[in-house]
Amino acid sequence: MAKEKFITLKSTAVPIAVENIDTDQIIPARFLKATTRQGFGDNLFRDWRYDSGNEPIKDFVLNQGAYSGRILVAGKNFGCGSSREHAAWAIHDFGFKVVVSSFFADIFKNNALNNGLLPVVVSDGFLKKVFKAISDDAKTEIEVDLQNQTIGFDGEKEKFEINAYKKDCMINGYDDIDYLLSLHNEVREFDLAHS
């Protein structure tokens, strides 16, 4: 089923300046019982958001009213650990469309791209600038332009890399099956020309 198209996004951001965030911290294993993608956002960073009595931990950024938006900014090595696709589901279901970090685990990065979540890899220096800007002003807006592969805020801008096929899929709202179906006429023409 086709996903929402992604071309550009301008949004405030939620900062989690922690390195080596693994998939079990993103969505703890005890919440992996469902087979549909809905509802996982409720348990995003569950053990960081809630105490053992199920009360919100006030110091955690997702429980603070100051930070909101559709962009999650995280420390280096985001999505390491087990290869659970549910981590990308939880982040997307919570409402994030982009995750920014200076390094992503490969499996997480691919799972994100396959589920309509854009992982944007920036340099360590640019990541520090993003964290500082958000810390100075929680209303700082970050613009992600997938077509031109740029991310920027307040006059700062950096290019990012993305696989050309995955870029095309996100811009058109395709998953892998949708992409193949989009080639139907070309495949048919080739078949007729070579029959």
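Look above for the structure.
All figures in this text were calculated on a predicted structure; none of them were measured in a lab.

The rules behind each value
Residues numbered from 1 in each chain as written. Predicted model: local features only at pLDDT ≥ 70, side-chain atom pairs only at ≥ 80, totals over all residues. Heavy atoms only, no water. Phe/Tyr/Trp six-rings, centres within 6.5 Å; stacked < 30°, edge-to-face > 60°. Helix = DSSP H or I, 4+ residues; strand = E, 2+ residues; numbered from the N terminus. Buried < 20%, exposed > 50% of the residue type's maximum accessible area, 1.4 Å probe, protein only. Core = buried A, V, L, I, M, F, W, Y, C linked by side-chain atoms within 4.5 Å. Salt bridge = Lys/Arg side-chain N within 4 Å of Asp/Glu carboxyl O. Pairing = 2+ DSSP bridges. Axes fitted to C-alpha atoms, helices over the stretch in contact; angles between N-to-C directions. Contact = heavy atoms within 4.5 Å. Lys, Arg positive; Asp, Glu negative; His and termini not counted. Polar contact = N/O pair within 3.5 Å; in protein donor to acceptor, adjacent residues only side chain to side chain.

**Considerations on the packing of aromatic side chains**
A full pass over the atoms with the stated rule returns 9 aromatic pairs. Relative to Phe104, the ring of Phe78 has its centre 6.1 Å away and its plane inclined at 85°; by these criteria the two rings are edge-to-face. Taken as a pair, Phe78 in the loop between β3 (71-74) and α3 (86-94) and Phe104 in the loop between β4 (98-101) and α4 (106-114) lie far apart in primary sequence, 26 residues in all. Of the two residues, Phe78 and Phe104, neither departs from the other in class, the shared state being buried. Each residue in the set Phe45, Trp48 and Phe60 is aromatic and connected to the rest through ring pairs, giving one cluster.

**Some remarks on the nonpolar core**
By size, the foremost hydrophobic cluster in this structure holds 27 residues, and its most contacted members are Ile26, Phe45, Phe78, Ile91 and Phe108. Listed by contribution, the elements that provide at least two residues to this core are β2 (13-16), β3, α3 and α4. Core analysis: the next-biggest nonpolar cluster, separate from the first, contains 26 residues, Leu9, Val100, Phe131 and Ala133 among them.

**Comments concerning the pattern of salt bridges**
Within this structure, the stated rule accounts for 6 salt bridges. Its salt-bridge partner being Lys76, residue Asp124 comes within 3.8 Å of it at the nearest N-O pair. One end of the pair, Asp124, is in helix α5 (residues 124-136); the other, Lys76, is in the loop between β3 and α3, and 48 residues separate them in sequence. Taking the relative accessible area as the measure of exposure, Asp124 reaches 40% and is therefore partly exposed. When its relative accessible area of 35% is taken as the criterion, Lys76 is described as partly exposed. Here Asp176 and Lys166 are joined by a salt bridge, their closest N and O atoms 3.4 Å apart.

**Quick look at the sheet that holds strand β5 (residues 118-121)**
Read from one edge of the open sheet, 4 strands run β2-β3-β4-β5, paired in parallel fashion. The open sheet has two edge strands with one neighbour each: β2 and β5. When strand polarity is set aside, the average angle formed by the axes of neighbouring strands in this sheet is 20°. Note: β3 against β4, 3 bridges, orientation parallel. The residue bridging Ile71 from the neighbouring strand is Val98, located in β4. Sitting on the sheet, α5 touches β2, β3 and β4, and the angle it makes with β3 is about 120°.

**Section: the side chain of Lys167**
Along the chain, Lys167 falls in helix α6 (residues 164-172). The side chain of Lys167 sits in the buried core without any salt bridge; Asp145 is the nearest counter-charge, 7.4 Å away. A distance of 2.8 Å separates a polar side-chain atom of Lys167 from the backbone oxygen of Gln147. Within the structure, Lys167 has its side chain in polar contact with the side chain of Gln149 (distance 3.0 Å).

**Here we look at the environment of Thr12**
In this structure, Thr12 sits in the loop between β1 (8-11) and β2. With a relative accessible area of 18%, Thr12 lands in the buried category. Along the primary structure Thr12 and Ile71 are separated by 59 residues, whereas in three dimensions their C-alpha atoms are 6.7 Å apart.

**Here we look at the sheet that holds strand β8 (residues 156-159)**
Strands sit in the order β1-β6-β7-β8 across an open sheet of 4 strands; the sheet is antiparallel. At either end of the open sheet lies a strand with only one pairing partner, and these are β1 and β8. Shown here is a sheet whose adjacent strand axes are inclined to one another by a mean of 10°, direction ignored. By the bridge criterion, 4 bridges tie β1 to strand β6 (residues 142-145) in an arrangement that is antiparallel.

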